[in-house]
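Listed below are the residues making up each chain.
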Amino acid sequence: MTTGKQAGRRLEGAARRIADHPVLEKLARVGFAARGVLYAIIGLAALQIAFGRGGEADKSSAIHIVRDAPLGDTLLWVMAVGLVALTIWHISEAIWGRPEVRYRVESVAKAAVYVALVFSMVALLTQNKAASSTDSQSQDAAKALFDLPGGQILVALIALALIGFGVSWMHEGWTGEFMRDMHVAGPRTHALVVNIGQVGYVARGVIAVAAGVLIGQAALTYDPDKAVGIDGALKSLADTPIGPWLLVVIAIGLVLFAVYCFAEARWHRV
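Keep in mind it's a predicted model, so treat the numbers as computed, not measured.

What counts as what
Residues numbered from 1 in each chain as written. Predicted model: local features only at pLDDT ≥ 70, side-chain atom pairs only at ≥ 80, totals over all residues. Heavy atoms only, no water. Salt bridge = Lys/Arg side-chain N within 4 Å of Asp/Glu carboxyl O. Helix = DSSP H or I, 4+ residues; strand = E, 2+ residues; numbered from the N terminus. Phe/Tyr/Trp six-rings, centres within 6.5 Å; stacked < 30°, edge-to-face > 60°. Buried < 20%, exposed > 50% of the residue type's maximum accessible area, 1.4 Å probe, protein only. UniProt positions renumbered as here; feature names shortened; annotations may be inferred. Contact = heavy atoms within 4.5 Å. Axes fitted to C-alpha atoms, helices over the stretch in contact; angles between N-to-C directions. Parallel < 35°, antiparallel > 145°, perpendicular 65-115°, else oblique. Nonpolar A, V, L, I, M, F, W, Y, C, P; charged D, E, K, R; others polar.

## Looking at the pattern of salt bridges
Thought 1: For the structure on display, the rule yields ten salt bridges.
Thought 2: Residues Glu25 and Arg29 are paired through a salt bridge, measuring 3.4 Å at the closest nitrogen-oxygen approach. Remark: Arg29 and Glu25 occur in helix H2 (residues 22-50); sequence separation between them is four residues, near one turn of the helix.
Thought 3: For Glu264, the salt bridge goes to Arg35, with nearest N and O atoms at 2.4 Å. Note that Glu264 is positioned in helix H10 (residues 244-267) and Arg35 in helix H2, a separation of 229 residues in sequence.
Thought 4: Each member of the salt-bridge network shares a partner with another, and the members are Arg102, Glu172, Glu177 and Arg180.

## Some details on the packing of aromatic side chains
Thought 1: Taken as a whole and assessed by the stated rule, the structure comprises nine aromatic pairs.
Thought 2: A ring pair is formed by Phe178 and Tyr260, whose centres lie 5.3 Å apart and whose planes are at 85 degrees; its orientation type is edge-to-face. Here Tyr260 lies in helix H10 and Phe178 lies in the loop between helix H7 (151-175) and helix H8 (187-221), a separation of 82 residues in the sequence. Per residue, the accessibility class of Phe178 equals that of Tyr260, and both read buried.
Thought 3: Judged by centre distance (5.9 Å) and plane angle (75 degrees), the rings of Tyr201 and Tyr260 are edge-to-face. Taken together, the residues span a long stretch of sequence, with Tyr201 in helix H8 and Tyr260 in helix H10 at a distance of 59 residues.
Thought 4: Given a relative accessible area of 4%, Tyr201 falls into the buried group.

## Section: the UniProt feature "domain: DUF1206" (unreviewed entry) in the protein
Thought 1: Residues given the UniProt feature "domain: DUF1206" (unreviewed entry) here are residues 30-97, 108-176 and 199-267.
Thought 2: Each end of residues 108-176 is marked by a C-alpha atom, and these two atoms are 22 Å apart; helix forms 84% of the span and strand 0%.
Thought 3: The span residues 199-267 shows a helical share of 80% and a strand share of 0%, and its end C-alpha atoms are spaced 18 Å apart.

## Section: the environment of Lys59
Thought 1: Checked against the element boundaries, Lys59 lands in helix H3 (residues 59-68).
Thought 2: Residues Lys59 and Ser133, 74 residues apart in the sequence, show an inter-C-alpha distance of 7.9 Å.
Thought 3: What Lys59 contacts, discounting residues up to four positions off in sequence, is Tyr39, Ile42, Val113, Leu117, Thr134 and Ile230.

## Let's talk about the packing of H3 against helix H4 (residues 72-96)
Thought 1: Their axes nearest at 6 Å, the elements H3 and H4 cross at an angle of 130 degrees. Our classification of the angle between H3 and H4 gives oblique. Residues Ile63, Val66 and Arg67 of H3 lie in contact with H4, whose contacting residues are Gly72, Asp73, Leu75, Leu76 and Met79.
Thought 2: Here the residues of the contact of H3 with H4 sort into five nonpolar, one polar and two charged.

Right under this line is the structure:
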């Protein structure tokens with residue numbers, strides 16, 4: 001038993017050393033910047049949709065846009081490596097970070113999203129396998145869950161979780177709580193980052209709530225085709241009484257969130 005505990009301590013110590021390694025810190029900052037690139041592309045694509053130019057605005061289409069750019073393969077590999085490092089950091093945060101359950105759950109959720117992104121990037125780079133849209137992924141997941149016992153309840157719980165995350169992000173945007181791990185030098189720069197982050201977090205929250213509501217409708221009607229990802233959620237905002245102008249505001253918010261991600265690459269605690 002003692003030997004097992006000692007082995008466990010050694011394993012934990014090794015894991016902590018990896019999580020605290022300066023190379024991982026630098027690569028995690030690349031991951032923050034990679035996230036910013038994806039959100040910038042999504043925001044710009046959403047603006048095109050708002051002005052009637054069509055297209056898709058989600059992370060899958062953003063990955064393809066990056067690859068089609070000059071030196072796209074190299075850039076995509078760099079982004080993938082950065083996101084792997086960011087995933088490791090979020091896992092370490094879930095294990096050794098803040099004790100509050102909310103932060104641990106959020107770290108696990110972010111790590112899962114980044115793992116999916118990395119798999120999509122690597123599949124595209126090594127197998128030339130196109131990543132399906134987030135809408136298709138959501139619909140396929142809903143269909144699979146509906147085939148399980150209590151699947152309808154599971155889909156409803158996912159919808160509630162998305163709405164919960166959305167409300168949480170809007171609350172963070174409103175209160176500026178997202179700055180808890182940011183160490184920005186200078187009061188003017190700090191205030192600017194706060195303002196940019198506030199708009200970005202609220203925009204992300206609105207999208208998550210919209211997606212959660214639509215997935216909830218899929219659960220209530222037992223119709224997986226109503227489940228959507230980022231693209232479907234964004235397009236649903238254009239169908240509101242405010243019309244495409246709401247989508248324009250949210251799209252600008254996503255671009256500003258991308259700017260905040262670049263600020264994270266510089267000043268976020270890692």
